Each structure stands twice: as structure tokens, then as C-alpha cells.
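Tertiary structure, described
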Amino acid sequence: MDNKTIDNNLISIAWLLLLLLPVGNLFYIAIPILFICLYKSGYKEINSIKITSILLIAVIALSLLLNISEIYITEKDIQRDLTLIIILYTFTNLRGSSILKPYIWFAIIYVLFSQISFVFSMPSIASFYDSIYNISGYYFNSLSQDLNRIEADTIGSTMRLGGIFYNCNNCAAFVSLIYGLGMSEYKQFSKIELILFAIVCFISMFYTGSRTSLIVFSVISFIFLYTKKINIILPFIIPTVIFSILSYADVSEIRMFKIEDGMNDSFGVKINIFEYYLYRCDDVIDLLFGAGSTNILIQNYDLTFSGTDFDLGDIVISYGFLFYVVYIPFYIVIFRKIKKEYLVMTPVILWMFSNTIICNYRMSAVWLLTLGILLRKSLDSANNEGDIKE
């Protein structure tokens, strides 16, 4: 086994661990350790990427220093910021150049079975997941008193399944990322495998009941088919048709397809909370450089919950508007440098309007690792072809 294969397996294992490790002390310690261990110097770097990464680190560090003495700043807030700094410092400088197909398949199947094992009478599988993630405790306490009485046609509508991620939107966001990665690494798959992969991903998203996932899935599929000039639209049509039949109900009754309702309730509520913060906050320093933590909503603004539940608001609360001044150019630079075939990952950014990416401890690690690998592969390819530019 050559060094490249070893490195690709190592980065794939790290990606899988970041995605699937249960939340706990080990999980919070493992993330920075994995990035430090996988760091590899000596890569040719693009100044614009390096500068925007350093500026993001500076904004995070400044927010932390300005607010570290505040009573609402917790150890987890400090650990999150330090971990994010490590991730950004090692961005595009990790061992390996690909997440390998077996690990991608394992990830989506593992997540899907964690969603369905408790509601489709799979006791041995459910017991396995429960011993690691305590999924049944979450479901029984938060969603239903008796999962065995849930009817199949309510799943994806009134009954939503988040699996090992508990939160259904979080689950859908991670599955969207897995789907985008699979489409990016399409050369590792046959056409039949890609269609099956798309169907499995859609099944998992469907069970979350997430409306954003339908949008992201559709955009990823469209970009993939358009950039590859493929006339096959099966990866989008087949899952939709299958679940229109299996749901035993009008598609309009399925939560995933109620896009307009999502604008009025879920997204609308998040916007209202964010507007409330902006209206009440009269500290210019907090608005520019952030308050360091979304816990300020509980401490200073008479709310009973922490955060707006989407990056659009949480980034401003934690790191201020200054973060966006650097964050937007950061992505512009990346997507100008990344190969055309990897642009299928760009729709994952849409989750910042519905969920958290950078402000989510797990998602920020998985997302930036995935994006960094694809960017590194793009830069190496351009360098080999003598086409690398600032």
C-alpha cells in the first residue's frame, strides 16, 4: 500500500469519526486532535486562501478575547473557538486527497439505519445504536411515548427521524453533505451506484421531514447533471416518485414538500429571534465583534433559549458582522479555485439559512475538512497542469 492510499484511508477514517462519534468528552477532545495529527506542511499555498483563513482566525480570536470574562461564556464556547481556529489553520493542509467510496457508503447507510431501526422493528440494530447514542431515550422523551404505534405514513410528516444526530435538521444537513461529497467523488462510483446512492440519501432526508434538504438535494442534483452534461435525471425523479407512492398520501401533506410553510414558521421564527436581538442590542462592539456566545440571549435579553438556530443569526451574535466581511470572501476565493466538478458541494452552504454550519461543533469540522480536501485536490491538479493562479 503506497503513501497516497494510506493517507486517503487515514483522512477517510478521520472524516467518518468526526461525522459519527457520539457526543461526549471524547468527541470534543477528538476533533482538534484529529486535525493536529493530520496536519501536513509543505503544500503549495494560495495567498488569497491563506489570508482569508488567517483573517477569520483573527476575528474569532478577537471576539474571544473581548468577551472571555463575561459570565455567560462557558468552557464549551472557548473550546469551540479554539477548535475552529485549529481547523482554519490546518485548512487545505491535511494528509490525503480523497474521502474513499467505502467510507461514504458506510456513513449514509449507518445514518439511515440509525433513523429507521427504532420504528421498523429492528431490535438488534436498534439496541446497537441505543448502547452508543441513547437514541430511544431521546425519542421516547421528546417525540413519542410509543414508537411502535407510529404509522409508516406519518414518518417524514408528523414523525421526523434524526437518528444519531437527534435533531432532524442536523441529520438532514449531514446527509446533504454526504450526498454532495458522493457526487463530488463520482469517479469512484459506477452510474448504477450513483443512482442507488442518490436514492439512499433521499430516503434519509425524507425521513427527517426537512424542507431545506429537499432544496439542497435538488440543487446538488441539478448542478451535478448540468456540469457533467448528463441527460439522466433519475437521481432526482426516482426518489420523488418512490416516496409519492410509499407515503400513501398526497405529496402536499408531506412536511418535506411544504416549502411555503417553512418560510412562515421555521425560518420565520428564526428571523424573528434574530431581529429581536438586533433591535435590543445597543452595544456597537457586540454588533461588530460579537458577544462571544449565543448564551447572551439568555443572560442579557430575557430569552429562555440560546441561539437563533441558524448560522445567519448565530454568527452575528457570536462573532459580529465583521465575521461576514471576511467569511464571504473566504467562500468566493474557495469556489473560484475549486474544480468545476466539486461545485456540487456549494449548495450545502444553503444550510446556514436553516441550520448551523460554522456555529455547530460537529458540522464545522466535517464541512471544513471536506471542503479543504476538495480544494487541496483542485489546487494540486491545477499545479500539476501548470494552471494555478492567484
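Up top is the structure.
Summarising the element assignment, Asn360 is placed in the loop between helix H17 (321–337) and helix H18 (361–384). With a relative accessible area of 14%, Asn360 lands in the buried category. Asn360 has contacts with Asn170 and Phe174, leaving out every residue within four places of it along the chain.

Looking now at the nonpolar core. In a soluble, globular protein the nonpolar side chains are often hidden away together inside. Counting residues in each nonpolar core, the largest one holds 114 residues, and the members touching the most others are Trp15, Phe197, Tyr327 and Trp367. Grouped together as the second largest cluster of nonpolar side chains are 11 residues, Ile273, Tyr277, Cys281 and Ile296 included.

A few words on the pattern of salt bridges. Following the criterion strictly, the structure yields eight salt bridges and no others. Ionic pairing is found between Glu185 and Lys377, a salt bridge with its closest N-O pair at 2.9 Å. Of this pair, Glu185 sits in the loop between helix H8 (168–184) and helix H9 (191–208) while Lys377 sits in helix H18; the two residues are 192 residues apart in sequence, bridging distant segments of the chain. Of the charged contacts, one joins Lys270 and Asp309 as a salt bridge, the two residues approaching to 3.8 Å between their closest N and O atoms. Of this pair, Lys270 sits in helix H13 (residues 266–280) while Asp309 sits in the loop between helix H15 (296–300) and helix H16 (311–319), and the two are 39 residues apart along the sequence. Overall, Lys270 belongs to the buried group, its relative accessible area being 6%. With relative accessibility at 40%, the residue Asp309 sits in the partly exposed group.

On inspection of all chains with the given rule, the structure shows 30 aromatic pairs. Ring plane angle 40° and centroid distance 5.5 Å describe the contact between Phe189 and Phe197, whose orientation is recorded as tilted. With relative accessibility at 8%, the residue Phe189 sits in the buried group. Here the aromatic rings of Tyr331 and Phe335 are separated by 6.0 Å at their centres, their planes lie at 15°, and the arrangement is stacked. In this pair, Tyr331 and Phe335 both sit in helix H17, four residues apart, roughly one turn of the helix. Grouping aromatic residues by their ring pairs yields a cluster made of Phe91, Tyr319, Phe323, Tyr324, Tyr327, Phe330, Tyr331, Phe335 and Trp367.

On to unusual backbone geometry. Positive phi values are uncommon outside glycine, yet Tyr166 reaches one of about 60°. For Tyr166, the position within the fold is in the loop between helix H7 (135–142) and H8. With relative accessibility at 26%, the residue Tyr166 sits in the partly exposed group. With a phi angle near 60°, Asp302 is a residue other than glycine that sits in the positive phi range. Residue position: Asp302 is located in the loop between H15 and H16.

Throughout the structure, instances matching the rule amount to zero disulfides. No disulfide involves Cys171; its nearest neighbouring cysteine sulfur is the one of Cys168, lying 7.2 Å away.

With respect to the helices, strands and loops of the structure, Tyr28 is situated in helix H2 (residues 25–38). Of the residues examined, Tyr28 reaches a relative accessible area of 17% and is grouped as buried. Along the primary structure Tyr28 and Leu18 are separated by 10 residues, whereas in three dimensions their C-alpha atoms are 9.8 Å apart. When residues no more than four places from it in sequence are discounted, the contact partners of Tyr28 are Val23, Lys76, Gln79 and Tyr361.

About the thresholds
- Residues numbered from 1 in each chain as written.
- Predicted model: local features only at pLDDT ≥ 70, side-chain atom pairs only at ≥ 80, totals over all residues.
- Heavy atoms only, no water.
- Helix = DSSP H or I, 4+ residues; strand = E, 2+ residues; numbered from the N terminus.
- Buried < 20%, exposed > 50% of the residue type's maximum accessible area, 1.4 Å probe, protein only.
- Contact = heavy atoms within 4.5 Å.
- Core = buried A, V, L, I, M, F, W, Y, C linked by side-chain atoms within 4.5 Å.
- Salt bridge = Lys/Arg side-chain N within 4 Å of Asp/Glu carboxyl O.
- Phe/Tyr/Trp six-rings, centres within 6.5 Å; stacked < 30°, edge-to-face > 60°.
- Disulfide = S-S within 2.5 Å.

Purely geometric stuff here, so don't read any function into it on its own.
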